[in-house]
Amino acid sequence: MNFRYVMGGSGLVCTAWGGWLLLQQPEPWRIAVWLGGAVVVHDGFVAPAVMAIAAVVAVAGLRLHGVPRAALIVAGSLTAIALPPLLRPEGVADPTVLPLDYLRNWLLAMAAIALFTLAYVGVPAVARRARRMGRESRRA
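Everything numeric in this text was worked out from a predicted model, so none of it was measured.

Scoring rules and cut-offs
- Residues numbered from 1 in each chain as written.
- Predicted model: local features only at pLDDT ≥ 70, side-chain atom pairs only at ≥ 80, totals over all residues.
- Heavy atoms only, no water.
- UniProt positions renumbered as here; feature names shortened; annotations may be inferred.
- Helix = DSSP H or I, 4+ residues; strand = E, 2+ residues; numbered from the N terminus.
- 1 Å grid on protein atoms, 1.4 Å probe; cavity = no way out; pocket = protein on both sides within 12 Å on 5 of 7 lines; lining within 4 Å.
- Points joined across faces, edges and corners; volume = space filled by probe spheres on them.
- Salt bridge = Lys/Arg side-chain N within 4 Å of Asp/Glu carboxyl O.
- Buried < 20%, exposed > 50% of the residue type's maximum accessible area, 1.4 Å probe, protein only.

Novice: It is not clear to me how the UniProt feature "transmembrane region" (unreviewed entry) in the protein should be interpreted in this structure. Could you clarify?
Specialist: Per the UniProt record, the feature "transmembrane region" (unreviewed entry) sits at residues 5–23, 29–58, 70–87 and 107–127. In residues 29–58, the share of helix is 100% and the share of strand is 0%. The end C-alpha atoms are 42 Å apart. Taken end to end, residues 70–87 is 94% helix and 0% strand, and its first and last C-alpha atoms sit 25 Å apart.

Below you can see the structure in the form of structure tokens.
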């Protein structure tokens, strides 16, 4: 119970500090609008999308625990971070501001996450199946 009070108190201290820093900005209303937009995007798009994906996974009968769940969280977080450069308008006035091929790099990161997850989950599954089939062939 004491840990809960310590965590709650530290959360209040961090909130107060963030509010203090916000009020020291030259135009705090711009940051407040941005934060409000983040809440709207999360509650209006991200949360319903996650719920829809969870419903599809549940209907399909899949159980996502451990590494597959962590891979989805990492992929979603990386996508959220990559959205601004991915959605930037073409023909930016200063090409050195965002000089990389962000779409290609994001796709490579998604492919790496998928491959590592499949390898981590799939290799032991294939090994278990091979051992099981080996035992069954010895019994016959």
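Novice: What is the right way to look at the layout of surface pockets in this model?
Specialist: Where empty space is left becomes clear once a probe the size of a water molecule has been rolled over the atoms. In this model, the largest pocket occupies a volume close to 850 Å³. In this structure, the largest pocket is lined by 22 residues; those nearest its centre are V46, V50, L72, G76 and S77. Residue assignment for the lining of the largest pocket shows that the elements contributing at least two residues are α2 (28–60) and α3 (67–86). Top element by residues in the lining of the largest pocket is α2. It accounts for eleven residues.

Novice: Quick question: what am I supposed to make of the pattern of salt bridges here?
Specialist: Enumeration according to the criterion identifies one salt bridge in this entry. One salt bridge connects E27 with R30, and the closest N-O pair in it is separated by 3.3 Å. Its relative accessible area of 52% is what places R30 among the exposed residues.

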